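Summary of structural features
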Amino acid sequence: MSPVPSGSPSSDRQLPPVIALRNITRTYKMGDSEVHALAGVSLVIERGEFVAIMGASGSGKSTMMNIIGCLDVPSSGRYWLDGVDVRGLDETRLARVRNRKIGFVFQSFNLIPRTSALANIELPMLYAGVHAKERRARALAALDLVGLSSRAGHMPSEMSGGQQQRVAVARALVTNPALILADEPTGNLDTHASDEVMNVFESLNRAGRTVVLITHEPDIAERTKRTVRLRDGLIISDENTTRGPRRAEMGAAR
Ligand SMILES: Nc1ncnc2c1ncn2[C@@H]1O[C@H](COP(=O)(O)OP(=O)(O)OP(=O)(O)O)[C@@H](O)[C@H]1O
Ligand SMILES: [Mg+2]
């Protein structure tokens, strides 16, 4: 395994960054032409960060998300996920790394219909071979974290959009992943529900979770601590978006 690049030279943290992308490209061949969906992206995200990825339609957000989520592999460049160089991993190993390290949240919630909130949250632990009793206990704790203890027995169809997305967030975090990766998590929600979901992400991040989300909405990005903007497959800006006194604190730490 090759050494993991250090994201912050001034930091003395022992743990590797959660995400380290180095010169990542992703090219799609379309007949005779090529689309450079990612044209050389380097990015380091440390443990405990709360990051928004923004950019116009077609700028490469989903392509980057798929690579970060180990759902796709780059055409060139290197990617370390929580210290693991994913280059050369076969499908099985990639799937294992993905399941262990990443909790996904999707725009459309992707809950299993006609299955209770609690059972939906237990599902990833079932795949991971966690015993029934512990599954139940951890699912209940996750449900409590997203403020939905009273909805344990509700089916997805018996919950609001915001509640369904909070169940999806509980499902994403219940396996204790290194990273929570969310693709437009508030894209299908009204302002109030978006607010509820962002409150959950914020409190998870305060508790030390690393959260990366894709969004089109400046209001949503503003609630994260760092905003990375893509244009034409390249990072055009990378800003600390923490408001108030913490801005200086974060700036000094980075
Ligand atoms: N499977 C594919 N085959 C060919 N070209 C693709 C494919 N997927 C994406 N692209 C192209 O790559 C570029 C980046 O696409 P991507 O889906 O990453 O954009 P995006 O930023 O997620 O956009 P949106 O905000 O609309 O979701 C676009 O020009 C797109 O047309
Ligand atoms: Mg997209």
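The structure under discussion appears in the preceding block.
Chains are numbered independently. Their residues run from 1 in the order of the written sequence. For naming, the first written chain is A and the first written ligand is 1, with later ones following in the order written. It should be noted that, the model being predicted, local features are given only for residues of pLDDT at least 70 and side-chain atom pairs only at 80 or more, the latter also being counted only at that level, while totals for whole chains, interfaces and linings use all residues.

Observations regarding the overall build of the chain
In DSSP terms, a helix is any run of H or I states spanning at least four residues, a strand is any run of E spanning at least two, and both are numbered starting from the N terminus. Counting its regular elements, the chain contains eight helices and ten strands. When its C-alpha atoms are laid out on the principal axes, the chain stretches across 50 × 45 × 40 Å. The exposure scheme places C-beta atoms from the backbone and then counts, for each residue, the other C-beta atoms within 10 Å of its own, assigning buried at 20 or more, exposed at 12 or fewer, and partly exposed in between. The 254 residues of the chain split such that 42% are buried.

Topic: the sheet that holds strand S1 (residues 19–30)
Here, strands pair whenever DSSP counts at least two bridges between them. Taken in spatial order, the four strands line up as S2-S1-S4-S5 in an open sheet, and their pairing is antiparallel. Looking at the sheet topology across the chains shown, the edges are occupied by strand S2 (33–45) and strand S5 (84–85). Here ten bridges tie S1 to S2, and the two strands are oriented antiparallel to one another. Along S2, the bridge assignment pairs methionine 30 with serine 33.

Some thoughts on the sheet that holds strand S10 (residues 234–240)
Spatial strand order, S6-S7-S8-S3-S9-S10: six strands in an open sheet with mixed pairing. The open sheet is flanked by strand S6 (102–105) and S10, the only strands paired with a single partner. On average, adjacent strands in this sheet sit at an angle of 20° to one another, irrespective of strand direction. Relative to strand S8 (residues 211–214), strand S3 (residues 50–55) is paired through four bridges, and the arrangement is parallel. Interaxial angle, 0 to 180 degrees, is taken between N-to-C directions of lines fitted to C-alpha atoms, where a helix line uses only the stretch in contact.

Quick look at the pairing of S3
Taking burial as the measure, the six residues of S3 include six buried ones, the bulk of the element. Side-chain alternation along S3 places Phe50, Ala52 and Met54 on one buried face and Val51, Ile53 and Gly55 on a second face that is also buried. Inspection of the sheet shows S3 paired to strand S9 (residues 226–231) by five bridges, in the parallel sense. Counted as the bridge partner of alanine 52 is threonine 227 from S9.

Observations concerning the site of ligand 1
Contact assignment follows one rule, namely that a residue is near a molecule or strand if its backbone-placed C-beta atom lies within 6 Å of it. All residues adjacent to ligand 1 are Tyr28, Met30, Val35, Ala37, Gly55, Ser57, Gly58, Ser59, Gly60, Lys61, Ser62 and Thr63. Every element with two or more residues in the shell around ligand 1 is listed here: S1, S2 and helix H1 (61–68). In terms of residues, the shell around ligand 1 owes the most to one element, H1, which gives three residues. Polarity classes work like this: nonpolar for Ala, Val, Leu, Ile, Met, Phe, Trp, Tyr, Cys and Pro, charged for Asp, Glu, Lys and Arg, and polar for all others, with Gly in that last group. The residue inventory of the shell around ligand 1, partitioned by class, reads four nonpolar, seven polar and one charged.

Observations regarding unusual backbone geometry
For aspartate 82, which is not glycine, the phi torsion reads 50° and is therefore positive. Inspection of the secondary structure puts aspartate 82 in the loop between strand S4 (76–81) and S5. A count of 21 C-beta atoms within 10 Å places aspartate 82 in the buried class. With a phi close to 55°, arginine 114 is a non-glycine residue in the positive phi region. Position of arginine 114 among the secondary structure elements: in the loop between S6 and helix H3 (117–127).

Quick look at the environment of threonine 224
Here threonine 224 is to be found in the loop between helix H7 (218–222) and S9. Classification of threonine 224 as buried rests on a count of 24 C-beta atoms within 10 Å. A C-alpha to C-alpha distance of 8.9 Å links threonine 224 and valine 212, two positions twelve residues apart in sequence.

Concerning the packing of helix H5 (residues 161–173) against helix H6 (residues 191–206)
For the pair H5 and H6, interaxial distance at closest approach is 8 Å and the crossing angle is 20°. Taken together, H5 and H6 sit at an angle that is classed as roughly parallel. Like other packed secondary-structure pairs, H5 and H6 cross with a definite hand, here right-handed. Here Gly161, Gly162, Gln165, Arg166, Val169 and Leu173 of H5 come into contact with H6, specifically with His192, Ala193, Glu196, Val197, Val200 and Leu204. Each residue belonging to the contact of H5 with H6 can be placed in one class, and the counts come to six nonpolar, four polar and two charged. Should an angle fall under 35 degrees it is taken as roughly parallel, and over 145 as roughly antiparallel, whereas 65 to 115 is taken as roughly perpendicular and any remaining angle as oblique. Two helices that cross are described as forming a left-handed crossing if the nearer one is turned anticlockwise from the farther one by less than a right angle, and a right-handed crossing if clockwise. Here the contact rule is simple: place C-beta atoms from the backbone, and any two residues whose C-beta atoms are within 7 Å are in contact.

A closer look at H1
Burial analysis of H1 places six of its eight residues in the buried class, the great majority of the element. Considered for burial, the residues of H1 that qualify are Lys61, Thr63, Met64, Met65, Ile67 and Ile68. Positive backbone phi, at 60°, marks cysteine 70, one or two positions downstream of H1.

Thoughts on the pairing of S8
The side-chain alternation of S8 yields two buried faces, one formed by Val211 and Leu213 and the other by Val212 and Ile214. Two strands pair when backbone bridges link them, and strand S7 (residues 179–183) and S8 are joined in this way by four bridges, in the parallel orientation. Bridge assignment links aspartate 183 to a residue of S8, and that residue is isoleucine 214. Looking down the strands as they point away from the viewer, one classifies a crossover as right-handed if the path from the first strand across the helix to the second runs clockwise. With respect to chirality, the unit in which S7 leads through H6 into the neighbouring parallel S8 is right-handed.

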